Amino acid sequence: MRKDWRFFDTGESSGFFNMALDEAIFDYKERNPEIPPALRVFRWKPACLSIGRHQRIEEINTARCRELGIDVVRRLTGGTAILHKEELTYSIVISQDDGIPFGIGSSFMILNQGLIAAYQKLGVKIDLIFHQERNFSPACFVNSVMADLSYQGRKIIGSAQARRGKAILQHGVLVIRHEPDLMLELLNFDDEQRQKMREDFSKKTVDLETIRGKTCWQEIKEAIVKGFEEFFGLEFAESGLMLEEKIGLQKLISHYRRLE
Amino acid sequence: MYPENLRYTKTHEWIKTEGGILTLGITFYAQEHIGEIVFAGLPAVGAPVKKGARLMDIESTKAVAEIFSPCDGKIAAVNDALLDQDNLLAVNKDPYGDGWLVKIETENPDISTLMDATSYEGFIKSGGGPS
């Protein structure tokens, strides 16, 4: 795999900014596969519910989100809803020209080794998930699919990919603390679904705080950088955005503000 | 696995031409690597399409893959059956038959520059990434 990567910590931003920037970097890489791959870490302010590219908006209690000041944004990637609050999000933009295979499973398996190495730095041993569920909940974290990562059988990192030509975008959430009660308020569940999701959250998922106590995002950031550097032998360059990425970002923000 | 009567793109779509209509789907190789399809984001019938521009996307359990148009034209038909979740597996199980995606009406239906089955098989054996 290519060794020279760009690294960005873009801090706290709105969900619209974050998703627009992921797409701007992804789009630029698709048109310019020769530029180095990028690893970005970021946080969300205000808290935000990101929903899957094709998820039905009827599954989301948008009125409650508004009341609580929680943004709702549609991701470029698939899957179902994720609450971004107490966490750090990562995104990787890379091209098949950089030495990543075409297969979704094999590319996840390679990139996730960096995440496994990062969590080792935090003292948390995690594993790839190989089984696949077929009935998907509107809440992403209670679904476990190929290439998610687990801690003692419970999902700890969920990631998703988008493909555009040779370019791959993979992003995912490194959860410090789940808030299942808040999450339940933001989705349009009936009572039976609500009960099942509450049970699923406690049985099927786990977060860093439960495993290792108080954890701050800076520790996770440091672990991610070191994990990727050491496992893949990367050399990160702290980087600014390319001019075209900035232009793309500005164009895309208004698109992400429109929730359709 | 790769029918002789079809042509193939480097981004793993198959194309068939009948008169001025191109039919497009994804190849066996593509479906195998993308995984089980859970949603097809089909374009609207009548929508104009541009060669090289995004045409539609398909979502598997872990990835969304975008599909690009091989020609200028407009959407003549889409595989409506795929709007029913139960039928989506056709894209995996029968990619050249019930799993077709769209038909495009075009004034330039020449697909002779695309790969034939033998060339496509050679292409995927040599690495298979788009170039």
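Keep in mind that what you see is a predicted model, and the values were worked out from it rather than measured.

### Notes on the side chain of R74 of chain A
All names here are of chain A. The topology assignment puts R74 in strand β4 (residues 71-74). A distance of 2.9 Å separates the side chain of R74 from the backbone oxygen of Q55, its partner in a polar contact. If sequence neighbours within four positions are ignored, R74 has contacts with M19, I51, G52, R53, H54, Q55, I57, Y256, L259 and E260.

### Here we look at the pairing of strand β3 (residues 48-51) of chain A
Residue and element names in this part refer to chain A. The side-chain alternation of β3 yields two buried faces, one formed by C48 and S50 and the other by L49 and I51. Bridge count for β3 against β4 is 4 bridges, and the pairing is parallel. Following the sheet pairing, C48 is matched in β4 by D71. With respect to chirality, the unit in which β3 leads through helix α2 (residues 62-67) into the neighbouring parallel β4 is right-handed.

### Considering the packing of helix α3 (residues 104-121) of chain A against helix α7 (residues 217-232) of chain A
Residue and element names in this part refer to chain A. At a minimum axis separation of 7 Å, α3 and α7 run at an interaxial angle of 125°. Here α7 runs oblique to α3, going by the angle between their axes. The crossing of α3 and α7 is right-handed. Of the residues in α7, those touching α3 at I110, L111, Q113, G114, L115, A117, A118 and K121 are A223, I224, K226, G227, F228, E230, F231 and F232. A breakdown of the residues in the contact of α3 with α7 according to their chemical character gives 10 nonpolar, 3 polar and 3 charged.

### Examining the sheet that holds strand β3 (residues 21-26) of chain B
Taken in spatial order, the 6 strands line up as β1-β2-β3-β9-β8-β5 (chain B) in an open sheet, and their pairing is antiparallel. At either end of the open sheet lies a strand with only one pairing partner, and these are β1 (7-8) and β5 (48-49) of chain B.

### Overview of the packing of aromatic side chains
Inspection of the entire model under this criterion finds 11 aromatic pairs over all chains. Ring centres of F231 of chain A and F232 of chain A lie 5.0 Å apart, and the angle between their planes is 85°; this geometry places the pair in the edge-to-face category. Among the residues examined, F232 of chain A registers a relative accessible area of 8% and is labelled buried. Between the aromatic rings of Y2 of chain B and Y120 of chain B, the centroid separation amounts to 5.2 Å while the plane-to-plane angle is 70°, which identifies the pairing as edge-to-face. Here Y2 of chain B, found in the segment before β1, pairs with Y120 of chain B, found in helix α3 (residues 117-125); they are 118 residues apart in sequence, far enough to count as distant.

### Overview of helix α5 (residues 191-204) of chain A
Residues and elements named next belong to chain A. The end-to-end C-alpha separation of α5 is 19 Å, in line with the 20 Å expected for 14 residues at 1.5 Å each. The complete set of buried residues in α5 reads M197, D200 and F201. Buried residues along α5 cover an arc of 100° about the axis, so they all sit on one side. Seen from the open side of α5, the exposed residues pointing more than 90 degrees away from its buried face are D191, E192 and K203. For α5, the secondary structure elements touched by its buried residues are α4 (180-186).

### Observations regarding the confidence of the model for chain B
Overall, the predicted model of chain B reaches an average pLDDT of 92, with 97% of residues at or above 70. Here the prediction assigns the complex a pTM of 0.91, and the interface score ipTM is 0.84.

### Digging into the nonpolar core
Residue and element names in this part refer to chain A. Of all hydrophobic cores here, the largest spans 35 residues; its most connected members are W5, Y119, I126, I156, L174, I224 and F228. Looking at this core, the elements with two or more residues in it are β1 (4-13), β2 (38-44), β6 (87-95), α3, β8 (149-151), β9 (154-164), β10 (167-175) and α7. Of all the elements, α7 adds the most residues to this core, at 6 residues.

### Points about the interface of chain A and chain B
In this assembly, 28 residues from chain A lie in contact with 22 residues from chain B. Both faces combined, the contact of chain A with chain B buries some 2,000 Å², and carbon together with sulfur accounts for 56% of it. If you sort the residues of chain A by the area they bury against chain B, H54, F102 and I104 of chain A come out on top, with a joint share of 31%. Our enumeration of links across chain A and chain B arrives at 4 salt bridges.

### Side note on the sheet that holds β4 of chain A
All names here are of chain A. With mixed pairing, the 3 strands of this open sheet are ordered in space as β4-β3-β5. Unpaired on one side and paired on the other, β4 and β5 (82-84) mark the two borders of the sheet. Taken pair by pair, the neighbouring strands of this sheet meet at an average axis angle of 25°, ignoring direction. In the packing of helix α1 (residues 15-31) onto the sheet, contacts are made with β3 and β4, and the angle to β4 comes to roughly 20°.

### Thoughts on the packing of α1 of chain A against helix α8 (residues 243-257) of chain A
All names here are of chain A. Packing of α1 against α8 brings their axes to within 8 Å, and their N-to-C directions diverge by 135°. Classed by the angle they form, the pair α1 and α8 counts as oblique. Between α1 and α8 the crossing geometry is right-handed. Where α1 abuts α8, its residues F16, F17, M19, A20, L21, E23, A24, I25, Y28 and R31 lie against E244, E245, G248, L249, L252, I253, Y256 and R257.

### Regarding the pattern of salt bridges
Here the idea is simple: oppositely charged side chains can pair when their charged atoms come close. Counted by the stated rule, this structure contains 32 salt bridges over all chains. Among the ionic pairs, E23 of chain A bridges to R164 of chain A, the shortest N-O distance being 3.0 Å. Of this pair, E23 of chain A sits in helix α1 while R164 of chain A is found in strand β9, placing the two residues 141 residues apart along the sequence. Taking relative accessible area as the criterion, E23 of chain A reaches 7% and is therefore assigned buried. Looking at R164 of chain A, the relative accessible area reads 1%, which means it is buried. With a shortest N-O distance of 3.1 Å, R53 of chain A and E66 of chain B are connected by a salt bridge. Residue R53 of chain A is located in the loop between β3 and α2, and its partner E66 of chain B is located in strand β7 (residues 63-68); the two belong to separate chains. Neither R53 of chain A nor E66 of chain B differs from the other in exposure class; each is buried.

Reading guide: rules and limits
Residues numbered from 1 in each chain as written. Chains lettered and ligands numbered in written order. Predicted model: local features only at pLDDT ≥ 70, side-chain atom pairs only at ≥ 80, totals over all residues. Heavy atoms only, no water. Helix = DSSP H or I, 4+ residues; strand = E, 2+ residues; numbered from the N terminus. Polar contact = N/O pair within 3.5 Å; in protein donor to acceptor, adjacent residues only side chain to side chain. Contact = heavy atoms within 4.5 Å. Buried < 20%, exposed > 50% of the residue type's maximum accessible area, 1.4 Å probe, protein only. Pairing = 2+ DSSP bridges. Right-handed = clockwise from strand over helix to strand, strands pointing away. Axes fitted to C-alpha atoms, helices over the stretch in contact; angles between N-to-C directions. Parallel < 35°, antiparallel > 145°, perpendicular 65-115°, else oblique. Left-handed = near helix turned anticlockwise from the far one by under 90°. Nonpolar A, V, L, I, M, F, W, Y, C, P; charged D, E, K, R; others polar. Phe/Tyr/Trp six-rings, centres within 6.5 Å; stacked < 30°, edge-to-face > 60°. Expected span 1.5 Å × (residues − 1). Arc of directions from axis to C-beta. pLDDT = per-residue confidence, 0-100. Core = buried A, V, L, I, M, F, W, Y, C linked by side-chain atoms within 4.5 Å. Buried area = accessible area lost by both parts, 1.4 Å probe. Salt bridge = Lys/Arg side-chain N within 4 Å of Asp/Glu carboxyl O.

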